[in-house]
Structure formats: structure tokens, C-alpha cells
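Here is what each chain is made of, one letter per residue.
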Amino acid sequence: MSHTQRIVEPVIVAVVISNLIGHLRRTLLTITAIAAGLASLIFLWGFNDGLHRNMLSNFQDAIIGSIQIHRQGFFEHPRLSLYLSAPERVIEALETARLPHWSRRLETFALATSEKTTEGVMLIGMEAEREAQVTQLAQRIGNGRFLQAGDDYSLILGATTAKNLRVDLGDPIVIVGYDRFGALVAEEFTLVGIITSGEMGLDRGMALTSLRALQEMLDMSGQITGIVLRVADDRLDEIAESLSLKLAELDLEVMPWSEMFPVVQEWITLHNGFLYLFVGIVLFIVIAGELNTLWLSMLERTRDFGILMAIGTARRQIGLMLLLEAALLGVIGSLLGILLGIGVILLTNQTGIDLSVLLGSTSRFYVDPVIHPQLNLDHLGMTVISILSASLLAGIYPAWRAVKLQPVEAIRNG
Amino acid sequence: MADTARLGIGYYLRLSLRNLLRNPRRTGITLITMVFGISTLTLLGALNDGWLNQMKTNFILSFTGHIQIHSQGFEASQSLQDSISEPDEILRYTDYAEIIGWTLRIRTSGLASLGGSSAGVQIMATDPEQETWVTSIHENISAGRWLSPGMADDLLLGRNVAQSIGAKLGDKIILMAQRANGEMVSEVFYLRGVLATGAPQIDRTLAVIPLHTAQHWLALQNSVTDIVLRTEHHDDTDALHRLLVQHLSTDRYEILRWEELDPMVSQWLNFSDAYGLVVIFVVILLVLTEILNTMLIALHDRQKELGIMVAIGTKKSQIFLMMMLEAVILILLGSLLGYLSGGLIVYFLGDQGIDLSHFSNAFQFFYMDPVIQPLLTQDSAIRILGTTFVAALIAGIYPAWKAAQLPVTQSIRIQ
């Protein structure tokens, strides 16, 4: 028995292949269906991942950067007494780690007062000449200009804050705050730029000035509260970890953006969850489609199977034959689907998918209106595996039906 | 020949029906593909709409209500000088059937301080009881309790505000604000509750105090800055807005819908909607490919029979008509059954929803819920059924045309 088995197997493969080639049209249709399913899933993931990557990158570029280093506890309670005690040692560590994209900041709460009214703001002193290393904030200035080297008491406000204070470019604004000992300090600034990003969290509640001016105002010459870093996304975790190890004795917090603003990360996780749901449902459509073609082709060949059984082919072998057909169709369809999907992604990545008809032409929620789909290998692998298993699964029912056939009836009725 | 040409549409209809019934298995399989595709599309559309609707509801109930009435110019100036001095004049209209809750508020910006730390806050003074009819703020308290009627010095802070000044329940907190005449005044409050809604505008900036305290403290007598209304359904908003615009003087009052109160959120909803449209569009394409596929395979099955029809003198146009009619009957039936079965799934999922919370443990961002409750809407029904119908018809034309093109001899020979 084991002897015959070995001889029969290649025969079955040959029969399967000649079946598939003999019904080329049907084979092609089934393969197309699988490929279309896989390609559309790959595209959906690419669209989703491209959108997320765009959002994350814009989010970091807006103001917070990729990693921020403060004294332990500063992020929770931004108090000036928690200033960074040895900034030069941190910068030295960054330079030795070949991380050139850093910039220093000094942050504190303050009240911005115009002639008409007051508003609470987060006052940030930035290095005008280094800020471009870490964020694209300068591009968000819609009115006026960004900070420049040599600026004195110049101020930049968000559009909403400027509107609430009823101030315009060139107007004086008095900033009232506390120094690190709790004494009240006030200084007059001139409004030189207005951020008109349309993004939540940027247009309101912030005032930017040059690091030097703020240090002078708060009598903290040479002191800062934090260092902002911009690094490549794929190295972020690794860099954050190695930095916090390296700077362990300094009592610092090395915070990746996702730790500072977990909601953004969670939003993406949730969005992915939503897409998993969609992918699951689409998988069902693909299974149903393939089940249909396999079943129809099995029904069409009932008579053939009857004859095969009559001349002594084992039921097991007929079942195996149909399963093999399904597997072959699945593999070829998947390969084609991968090619098609990647092709579509490469193409749309170049041209971009323009949603501005639906959304208007400015960026919203850190997402640009033109989305460039991108391939994420994790999602690609998961999708391909599920489509392959789905197409195998679809072969089981027709194979089982074929195994149950009675030869005589099959020949008569088929 | 002239005879066949005069055959009415009824004849073809009978013929098509008979064809479909004669091979129930083939008809069944084709139908199942359509039903399956359309019901999954219905479900996906409903999930998408349900998700959007939940965000809308969460947003409206978290703070803004459906409609706010201010004194003309307040939304731009945010100044106490633009307050409504006679709110009772407007409250006469609150017995409209669409309104299920209303509250009066005073909003102004200020500074909250505790010890040495202070933070800018948006002060919202409201009636402890009326507020609960309009929004769900009172349900989103992470520690402590909601305002108690009669307690004048109760204060609630957003989670992040409380955190940044290091305030704990029971702490004595000083609020500073400006009266309408410009005079700076401060008042002592006691922190009784912390708000955690997930909405940044609340968690990061809000300080809630009782309305009467604020009216007294800010020397406003009976004035308020906002009258906030909640309607029974989101769709009632526009109708109510029209009614109010008719009855109230728009020189004195501005009547704003929720979309106008926070354009950012309505843009966010548009964005989510666009995202959903792209996804659904791709799935529609996929479903159509599957339907076309099944129809083409079913056609292959019938080549012989069609060949014989041509051989005995049936015209190509007649075969085309017959095949198209079959497709139309299938599509109509498939759409109907598909939408019904999709609707049934939605109905059963309805209240329970689909729980995504294991994808993300603690998210509360942008008014999104971890549990998606699918929702059938007319728009998405029209979109899905309309596009699949038109596209399936186009998909039907191809096999029908193919059938009409078959060479006679070849089709008869095929087994």
C-alpha cells in the first residue's frame, strides 16, 4: 500500500496540473479573484500605514520632536526648579552617539497680557538657529516670521491665542510669569509671528520666544529645562533606551513622543483595530468567492469523478486532488496578488491619493491631504498568510463533497 | 423571424426566470456571492457610520450641546462684556419638542493656582442640575464627585490641569479672572472632583464652578454667556436652528450649531468619513470582481445550451436580452437579500457592538469609543445599493455580450 501511494502521488499532481491548464479560463478567473482580494487588502493596509506614518511624522515635526530629555519629573510638573542641571553632558552624549539633530528649550507657564485681555500660555524659549534641526515649526508661521538668530524680546503666538488677545504683528505683549524661586517677573515682548497651522494644540496656548531672551527674563543664564531630539522613526526606541542607559546617573527622563502623548499612539492602534475588522470581513468575501468557483468546478466535473472512482481511484485521492487544486490556485493567486498590490502601492506612492476634494487642501490632524500609501512588511506578511489559509479553507468543502460522491449516481447525474 | 421579434418583454422575463429556476444550484451559488458581498458591505458601511455617529454623540454630549445661543459677537470676543443679560427671554422657547435639555453657563478664561504653581484655565460656570440634562460631563469624573447643589465653593478641574498644578481632592485652589469692567478678582474654591473625558479641551483646560457663585463673583447679576440646548436627535439640530433664528433677533444673539462651535471636530468627522469612503470603495470593487467572476463561470457552464439556441435561430440580441434579464433578476434579489441579511447582522450586533478595546487598553481620544455599534443609515444604503446595482449591471453586460458572441459550432461542441 505504501508502495502504491508513493507512485500515485506524482500522478495526482500531474492530473491537478492538467485540470488547471485544461480549464484555463476558470483557473484564470479563480486566480484573478484571489489576486484581486489580496491586492485590495495590501492596498488598504498601504493606505492606512501611509496615512499613519504621515501623521506621526507631521506630529513630531510640529513641535514636540521625537525624544525629549528633561530632569526626572519635569514633564508631569513643568516647574523651573526642575531645570536640567548638566546640559553640556547630555549634549556631549548626543554628539558621541552621532545624534546631531538636537535643540535646547526652556519652558514655563506664563500669562500673556495684551491691552485688552489675558490668556494663560506655555512659554517656550527656543534656539532659533537650531530649531529647524528638530521640527518644521518655522513652516507653520502663516503670518509674520519665525524667530531669528539675534532676536531680542520677540514673540510668536498661535492664531487662536492672538485672536483671543486681539493682537496683531508688531503689537506689544506683556508676559507675566514666576521665576524658579516663585518671584513674579514681567517683560514686554513684540509679536513677530503667528502660527496658523489649523491644528489643535498648536494654535492655542503657546508662546514662543528666543532661548536667550527667556533666560534673561527668568535670570537663568545658560540654563534650560529640556533638550529636543529628532531621530528616524525606526531607530526611536533603540536610541531612547541607549540614551537613558547612558545618562542614568544624571536623574533624567528620556521620553519618546509616544510616552509624552500616548493618545496619538492609541489612536493609531485603534484605527488599526478598525482596519483588522475590515480585513477580517474582506477575507470572508475572498473565501466565499473562491469557494464558489471551486464548488462550481467540482459540480461540473461530477461525472469525471464518478468515472475516476469507477476505474479504481481512491476517494481520498480525489479529495486530495481537489485540495491540491485549491492550494495551487491559492499560491499562484497570492503571488499575483502580491505583485499587483505592491505595484498599486508603488504607483500610488509616487502619485499620491488626493483627498483634498473631500477634505480641503490644508493638512488636518497632522495628515496631509495627499496620502502616499506605504508598504509595511508586518501587515503584508499577515495579509498574505491569511489569504493563503483562506484559499486552502475554501477548498475543503468541495473536496469533502467530492469524497462523498457515489460513483454510479455521479456518472448518471453528472 | 418577424414573429420572434414581436415577442414581448414578458416572454423574455418568463424565459429568464425559467432558466434561473431550472438550475437552482447555479442560481443559488451566484445569488449567495451577491448576498454575501452586499451584506458584508452593509455591515462595513454600518460599522463606519456607527463609529462616526458615536464620535459625534460623544463630542456633543461632552461639552458643546447641539446648539448654543450667545450674545452676538461672544464666540469671537469671548468677553464677559458680550453676555446675555436676560436669559429668561430666551428660555421661553425651551419648551419646543426637539429640546430635551438646556442649561445656562458662564465661560471666561482665568488662572488656577495652588501654592506656587498655576495654570491657565477655561472657567465654566454652570447649573449643577441643568447641566446633567445636556452633557455627560458629570459622568466623566475620575475622582471625587460632581458639583453639589447649594455648595458655593465647589470646583472641578480637568485631569491635566489638576496634574500640572499638583492639586488633590480637598485642596484649596484660587481662581483668578477678570470682570466685565476689567477688574481682576480672585476667589477661593475647594477641589471636589477631577474630570477625565479624553477630550483635550476639557482635560487640559477646564475648571467647573457653580453658576450662582460665578454670577456673584464676576458681578454679572443674572447674566450668562451661553444658553446650551440639547436636541433629541442629531438630525433635529438644523430644524431647531431654523426655528430659533426665526424667533430670536440675530442682531442681539448668535445661534450656533455644534459644527460651528468647534470646526475642528467637524473637520475631524469629515476626515474620518473620507477615510471610510476610501476603504469602502475598495471593498465595493472587490465585491464586484467576485460577482463578475461567479457570473462568468456560470456562463461557461451554459455555453452548450446557448449554442443550441443560436443554432435553432435565436437572434444574438435576444440572447443578450435574456441574459441581461437574468442578471437583473439576480441582482435585484441579491441586493434585497444581501441588504436584509446585512441589516439583520447589524440589528443583532446593535446594542452590544463590536469591542475593540483589546487593541488598545486605555484610549479615550477624540471622543472615540472602544465599542463600535454599527448603524444603518439611508445615505450608506443608497451608496452601497446604488453602486453595487449599477456596477453589477455593468458586470452583467459583459457575460451577456460574451454569450451573444459565441460561435455556434464551437459552443455546441463544448462538453
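Details of the structure are given in the entry above.
Below: a short report on this structure.

Here we take up empty space enclosed by the protein. Residues and elements named next belong to chain B. Across all of its chains, the model carries four cavities of 30 Å³ or more by this definition. There is about 200 Å³ of room inside the largest cavity. In terms of lining residues, the largest cavity is bounded by 15 residues, among which Ala 298, Arg 302, Met 323, Glu 326 and Leu 330 are the most central. Element by element, the count of residues in the lining of the largest cavity is highest for helix H14 (residues 316-349), at four residues. Counted by class, the lining of the largest cavity contains nine nonpolar, three polar and three charged residues.

Residue and element names in this part refer to chain A. Residue position: Asp 151 is located in the loop between strand S4 (141-144) and strand S5 (154-158). A relative accessible area of 8% means that Asp 151 is categorised as buried. When the C-alpha atoms of Asp 151 and Ser 391 are compared, they prove to be 66 Å apart, with 240 residues separating the residues in sequence. Excluding its chain neighbours within four sequence positions, the residues that come into contact with Asp 151 are Arg 145, Phe 146, Ser 210 and Arg 212.

Turning our attention to helix H13 (residues 303-311) of chain B. All names here are of chain B. For H13, every residue scored as buried is listed here: Gln 303, Leu 306, Gly 307, Met 309 and Val 310. The arc enclosing the buried residues of H13, seen along the axis, measures out at 160°, which places them on a common side. Phi turns positive one or two residues past the end of H13, at Gly 313, with a value near 105°.

Moving on: the pattern of salt bridges. This structure, assessed with the given rule, holds 19 salt bridges over all chains. Salt bridges here are not isolated pairs; linked through shared partners, they connect Glu75(B), Arg107(B) and Asp226(B).

Turning to the side chain of Asn48(A), a few remarks are in order. As for its position among the elements, Asn48(A) is in helix H2 (residues 24-64). On the basis of relative accessible area, Asn48(A) is assigned to the buried category, the value being 0%. At a separation of 2.8 Å, a polar atom in the side chain of Asn48(A) contacts the side chain of Asn272(A). Beyond its immediate sequence surroundings of up to four residues, Asn48(A) is in contact with His271(A), Asn272(A), Leu275(A) and Tyr275(B).

Criteria and cut-off values
Here, residues in each chain are numbered from 1, in the same order as that chain's written sequence. All chains are assigned letters beginning with A, and all ligands numbers beginning with 1, in the order in which they are written. Only residues with pLDDT of 70 or above have their local features reported here, since the model is predicted, and side-chain atom pairs are shown and tallied only from 80 upward, although totals for entire chains, interfaces and linings are computed over all residues. Hydrogen atoms and water are omitted, and side-chain values are computed over all heavy atoms in the structure. Site definitions follow a grid-based scheme: protein atoms alone, a 1 Å grid, a 1.4 Å probe that fits but cannot get out for cavities, and for pockets an open set with protein on both sides within 12 Å along at least five of seven lines, plus lining residues having an atom within 4 Å of a point. Grid points are joined across faces, edges and corners, and a volume is the space filled by probe spheres set on the points. What counts as a helix is a DSSP run of H or I of at least four residues, what counts as a strand is a run of E of at least two, and both are numbered from the N terminus. Under the grouping applied here, Gly and all other residues not named as nonpolar or charged are polar, the nonpolar ones being Ala, Val, Leu, Ile, Met, Phe, Trp, Tyr, Cys and Pro and the charged ones Asp, Glu, Lys and Arg. Partly exposed residues are those whose accessible area sits between 20% and 50% of the maximum for their type, while under 20% is buried and over 50% is exposed, using a 1.4 Å probe and protein chains only. Contact between two residues is taken to exist if any of their heavy atoms lie within 4.5 Å; hydrogens are not considered. As used here, the arc is the angular range of directions from the helix axis to the C-beta atoms. Here, a salt bridge means any Lys or Arg side-chain nitrogen found within 4 Å of an Asp or Glu carboxyl oxygen. In protein, a polar contact requires one atom able to donate a hydrogen and another able to accept it; more generally it is a pair of N or O atoms within 3.5 Å, and residues adjacent in sequence count only if both atoms are side-chain atoms.

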